[in-house]
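Residue-level listing of the chains:
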Amino acid sequence: MGVTAVLMLPLLLLGISGLLFIYQEVSRLWSKSVVQNKVVVITDAISGLGKECARVFHTGGARLVLCGKNWERLQSLYDALISVADPSKTFTPKLVLLDLSDISCVQDVAKEVLDCYGCVDILINNASVKVKGPAHKISLELDKKIMDANYFGPIILTKALLPNMISRRTGQIVLVNNIQGKLGIPFRTAYAASKHAALGFFDCLRAEVEEYDVVVSTVSPTFIRSYHVDPGQGNWEASIWKFFFRKLTYGTHPVDVAEEVMRTVRRKKQEVFLANPIPKAAVYIRTLFPELFFAVVACGVKEKLSVPEEG
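Remember, it's a predicted structure, so these values are computed and weren't measured experimentally. (Residues numbered from 1 in each chain as written. Predicted model: local features only at pLDDT ≥ 70, side-chain atom pairs only at ≥ 80, totals over all residues. Heavy atoms only, no water.)

### What about the overall build of the protein chain?
Alright, step 1. Assigned secondary structure in the protein chain consists of 10 helices and 7 strands.
Alright, step 2. Here the protein chain holds 311 residues, and the buried ones make up 44% of them.
Alright, step 3. For the protein chain, contacts bridging at least 24 residues in sequence account for 74% of all contacts bridging at least 6.
Alright, step 4. If you sum the accessible surface of the protein chain, you get close to 15900 Å²; carbon and sulfur atoms cover 61% of it. (Helix = DSSP H or I, 4+ residues; strand = E, 2+ residues; numbered from the N terminus. Buried < 20%, exposed > 50% of the residue type's maximum accessible area, 1.4 Å probe, protein only. Contact = heavy atoms within 4.5 Å. Areas by Shrake-Rupley, 256 points an atom, 1.4 Å probe, with all protein chains shown as cover.)

### Topic: the pairing of strand β3 (residues 94–97)
Alright, step 1. Summarising the sheet, strand β2 (residues 63–68) and β3 pair through 4 bridges and their orientation is parallel. Bridge assignment links Gly68 to a residue of β3, and that residue is Leu97.
Alright, step 2. Handedness of the β-α-β unit built from β2, helix α3 (residues 71–84) and β3 comes out right-handed. (Pairing = 2+ DSSP bridges. Right-handed = clockwise from strand over helix to strand, strands pointing away.)

### A word on the nonpolar core
Alright, step 1. If you look at the biggest cluster of nonpolar residues, it comprises 32 residues, and the most contacted ones within it are Phe202 and Leu205.
Alright, step 2. Looking at this core, the elements that each hand over two or more residues are β1 (39–42), β2, α4 (106–117), α5 (140–168), β5 (171–176), α6 (189–209) and β6 (214–221).
Alright, step 3. Leave out the neighbours within four places in its chain, and Leu205 touches Thr158, Leu162, Ile173 and Val216.
Alright, step 4. Counting residues in each nonpolar core, the second largest holds 29 residues, with Ile122, Ile124, Ala258 and Val261 among its members. (Core = buried A, V, L, I, M, F, W, Y, C linked by side-chain atoms within 4.5 Å.)

### Observations concerning the packing of aromatic side chains
Alright, step 1. Across all of its chains, the model carries 4 aromatic pairs by this definition.
Alright, step 2. Where Tyr151 meets Phe201, the ring centres are 6.4 Å apart and the plane angle is 85°; that geometry is what we call edge-to-face. Taken as a pair, Tyr151 in helix α5 and Phe201 in helix α6 lie far apart in primary sequence, 50 residues in all. Both residues of the pair, Tyr151 and Phe201, belong to the buried class.
Alright, step 3. For the pair Phe293 and Phe294, a centre-to-centre distance of 6.0 Å together with 65° between the ring planes defines the contact as edge-to-face.
Alright, step 4. Among the residues examined, Phe293 registers a relative accessible area of 6% and is labelled buried.
Alright, step 5. Residue classification places Phe294 among the partly exposed positions, given a relative accessible area of 44%.
Alright, step 6. Put simply, the rings of Tyr151, Phe152, Phe201 and Phe202 pair up and form one aromatic cluster. (Phe/Tyr/Trp six-rings, centres within 6.5 Å; stacked < 30°, edge-to-face > 60°.)

### As for the packing of α5 against α6
Alright, step 1. Between α5 and α6, the least distance of the axes is 8 Å, while the angle of their chain directions is 15°. With respect to their mutual orientation, α5 and α6 come out roughly parallel. In the crossing of α5 with α6, the sense of the turn from one axis to the other is right-handed. Contacts between α5 and α6 involve Asp143, Ile146, Met147, Asn150, Tyr151, Pro154, Ile155, Thr158, Lys159, Leu162 and Ile166 from the first element and Ala190, Tyr191, Ala193, Ser194, Lys195, Ala197, Ala198, Phe201, Phe202, Leu205 and Val209 from the second.
Alright, step 2. Within the contact of α5 with α6, the residues separate by chemical class into 16 nonpolar, 3 polar and 3 charged. (Axes fitted to C-alpha atoms, helices over the stretch in contact; angles between N-to-C directions. Parallel < 35°, antiparallel > 145°, perpendicular 65-115°, else oblique. Left-handed = near helix turned anticlockwise from the far one by under 90°. Nonpolar A, V, L, I, M, F, W, Y, C, P; charged D, E, K, R; others polar.)

### A closer look at α6
Two residues of an α-helix separated by three or four positions point the same way, owing to the 3.6 residues in each turn.
Alright, step 1. Compared with the 30 Å implied by 1.5 Å per residue over 21 residues, the 30 Å span of α6 between its first and last C-alpha is a close match.
Alright, step 2. Buried within α6 we find Ala190, Tyr191, Ala192, Ser194, Lys195, Ala198, Leu199, Phe201, Phe202, Leu205, Arg206 and Val209.
Alright, step 3. Next to the buried residues of α6 lie β4 (122–125), α5, β5 and β6. (Expected span 1.5 Å × (residues − 1).)

### Some remarks on the sheet that holds β4
Two pairing modes exist for strands in a sheet, parallel and antiparallel, and in both the strands are linked by backbone hydrogen bonds.
Alright, step 1. Taken in spatial order, the 7 strands of this open sheet run β3-β2-β1-β4-β5-β6-β7, and their pairing is parallel. Each having just a single partner strand, β3 and β7 (271–274) make up the two edges of the open sheet. Sheet twist, expressed as the average angle between the axes of neighbouring strands with direction ignored, equals 15°.
Alright, step 2. As judged from the 4 bridges shared by β4 and β5, these two strands associate in the parallel manner. Paired with Ile124 across the two strands is Val174, which belongs to β5.

### A few points about the packing of α4 against α5
Alright, step 1. The interhelical angle for the contact between α4 and α5, taken along N-to-C directions, is 35°, at an axis separation of 9 Å. Between α4 and α5 lies a crossing whose hand is right-handed. Residue-level inspection shows Val106, Gln107, Ala110 and Leu114 of α4 in contact with α5, the latter providing Gly153, Ile156, Leu157, Ala160, Leu161 and Asn164.
Alright, step 2. Tallied by class, residues from the contact of α4 with α5 come to 7 nonpolar, 3 polar and no charged.

Shown next as structure tokens:
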């Protein structure tokens, strides 16, 4: 009996591996069929996450509209996508100059896209501007700029494209947000406020447009780290706060977030939270035990922790 079990174990592992491989291949093909021929708008396509989303959706056969505020970087992304794509299975992306912090031009961009394609099937609100510093040292002008880029810009673009989705009774809006839409971190007052505002808007919008079969999804990673930078080890375990913040700032790779965005579109998920267990626990602690959460955060401020950049 023991010998039989030992012999069966490799076969069992091989069978499980085969099933996982088949599942992944079916999911990949399914993802492509979901976005094929769909008009997909991606804001801040020149960021690390924007580039990966462009790659994933372009490979899936989407009609991409790539938005960014730097034409040279948009052109470089265009060349990179075209150089590896199969022309018989993909469409030539459309490039659009768009700086969401300049909210006066957002309506014109929406009109340009609708005039070109007639509709938008999927909108991926990815653009984001970060700032770090004590609240009293952040100017009101900078606060407004952060709100324009992270809140007003995305909602203006969404409102401009939404009537088309409602009239066609189809469409999906994806907000790439951040953990700071759920809890605040010291020295990120303007950024956290903009993320809270954006999450609140799209949570409300989800309920409003459900009857029109328009899906609203939010994807909230911790931080989206750069391609080649990992957080240093250092002496982070010296306190609870440092241990917490080290876990919080590990972040998620752009490739992983882009693949999750594709899964969110395919499965029409309403909310996704990408984080390791420590940030997830922090969100629940903030809700269930707020005094404990505030004490840990205040401890970090008192220690004058040098906060790392998000990349």
